[in-house]
Amino acid sequence: MRDLPSYRDLPLRGGLPCSWGLWGPEGSDTLGCLNLLTPERAAEAAGLVERGAVFALNWSMGLPDPPLFGRQPFTHEVTGASTGTSHDDVLHGWNTQSSSQWDGFRHIRNHADHGVGTGHYGGVPDDEHGIHHWARRGIVGRAVLCDIGRWREQQGRPLRYDEPDPIEPDELAECLAAQGTESRTGDILLMRTGWTGWYEQLSPDRRAALAEVGALRTPGLRSGERLAEVLWDLHIAAIGCDNPAVEVWPPGARSEEHTSELQSRLHL
């Protein structure tokens with residue numbers, strides 16, 4: 001699709017702009033904005049490599065420790081006797097929402113479609129709309145860094161990592177402009193807050209306190225329709241962040257429901 005509509009020109013569903021059905025008949029698409037990662041854009045991204053330096057973006061599987069949001073830690077078993085010729089690694093109780101992870105489209109219910117299955121647009125059943133579709137296709141493209149943590153420091157407004165410090169949606173464009181970074185259609189936007197680096201410096205007692213249900217407070221993007229509009233009009237393929245929830249946490253109960261619905265609508 002060469003000419004994507006603006007957020008305000010998207011078709012309405014439940015009274016709000018919605019991109020479901022934009023990539024094909026409703027119920028047929030499982031990739032959403034990942035459709036923007038075309039072969040041409042993948043080839044262009046590959047051509048940007050100059051030094052061949054490698055940077056691992058995945059966090060340790062054992063972090064956060066203890067897990068946040070009341071999740072349980074996994075256990076790691078190495079099978080086989082110490083004198084055996086081989087060993088296997090087995091993970092027990094591994095919650096894939098810990099460490100680095102992607103949220104699939106079925107992670108959050110669409111609150112506008114009350115009473116329709118799990119509430120996802122197009123009546124797509126859970127087993128037909130999981131993240132396994134993305135894994136089969138692969139995710140390859142150009143990523144751009146939005147170092148909002150460093151930019152806020154330069155603005156004299158450093159992020160408060162232990163507070164629900166909101167990042168305004170329009171600050172994304174301001175930060176990219178200050179960096180001299182051009183955002184293109186199909187980019188994967190990586191927003192660095194600096195939260196994980198801050199977390200890794202905490203004592204075990206501080207980490208345990210953050211893991212108590214209801215205790216977590218973190219900076220993040222401010223919930224609301226403006227956030228959905230900004231992200232959509234950037235025409236990015238995906239967004240990845242280094243804070244626990246992408247949005248500021250905790251959001252207000254009303255904002256949390258509204259924003260989750262918006263993200264579901266926009267296939268982000």
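Just above sits the structure.
Below or above, wherever it landed, is the structure these notes cover. Predicted model only: the values in this text are computed from it and were never measured.

### Quick notes on the overall build of the chain
Of regular secondary structure, the chain possesses eight helices and nine strands. Counting every position in the chain, which comprises 268 residues, the buried fraction comes to 38%. If you take every contact in the chain between residues at least 6 apart in sequence, the share linking residues at least 24 apart comes to 74%. Working note: accessible area of the chain is about 14,700 Å², and carbon and sulfur atoms make up 50% of it.

### Overview of helix 7 (residues 225-234)
Taken together, the buried positions of helix 7 are L227, A228, E229, V230, L231 and W232. Phi for H235, located one or two positions after helix 7, is positive at around 55°.

### Some words on the pattern of salt bridges
For the structure on display, the rule yields 14 salt bridges. Here R152 ties to E171 by a salt bridge, and the two come within 3.6 Å at their closest N and O atoms. Placement of the pair is R152 in helix 3 (residues 148-154) and E171 in helix 4 (residues 170-179), with a sequence separation of 19 residues. According to the relative accessible area criterion, R152 is buried, its value standing at 4%. Linking D165 and R160 is a salt bridge whose minimum nitrogen-to-oxygen distance equals 3.3 Å. Assessed through its relative accessible area of 4%, D165 is described here as buried.

### Digging into unusual backbone geometry
With an omega of -5°, the peptide bond between L63 and P64 qualifies as cis. Along the chain, the position of P64 falls in the loop between helix 1 (39-46) and strand 3 (75-79). Here the residue pair W249 and P250 is connected by a cis peptide bond, since its omega of 0° sits within 30 degrees of zero. Relative to the helices and strands, P250 is located in the loop between strand 9 (238-241) and helix 8 (253-265). Although it is not a glycine, F69 sits at a positive phi angle of roughly 60°. Along the polypeptide, F69 turns up in the loop between helix 1 and strand 3. Unusually for a residue other than glycine, V246 sits at a positive phi of about 65°. Take V246: it is sitting in the loop between strand 9 and helix 8.

Quick notes on the rules
- Think of each chain on its own: its residues are numbered from 1, step by step along the sequence as written.
- Restriction of local features to residues with pLDDT of at least 70 applies here, the model being predicted, together with a cutoff of 80 or more for giving and counting side-chain atom pairs; totals for whole chains, interfaces and linings are based on all residues.
- Hydrogen atoms and water are omitted, and side-chain values are computed over all heavy atoms in the structure.
- We count a stretch as a helix when DSSP gives it H or I for four or more residues in a row; a strand needs E for two or more, and each element gets its number in order from the N terminus.
- Only protein chains enter the calculation, and the probe is 1.4 Å; a residue is then buried if its accessible area is under 20% of its type maximum, exposed if over 50%, and partly exposed in between.
- Any two residues having at least one pair of non-hydrogen atoms within 4.5 Å are treated as being in contact.
- In this description, accessible areas are obtained by the Shrake-Rupley approach with a 1.4 Å probe, and a residue is regarded as covered only by the protein chains that are shown.
- Only one rule defines a salt bridge in this text: a Lys or Arg side-chain nitrogen within 4 Å of an Asp or Glu carboxyl oxygen.

So far we have only geometry, and geometry alone does not tell us how the molecule works.
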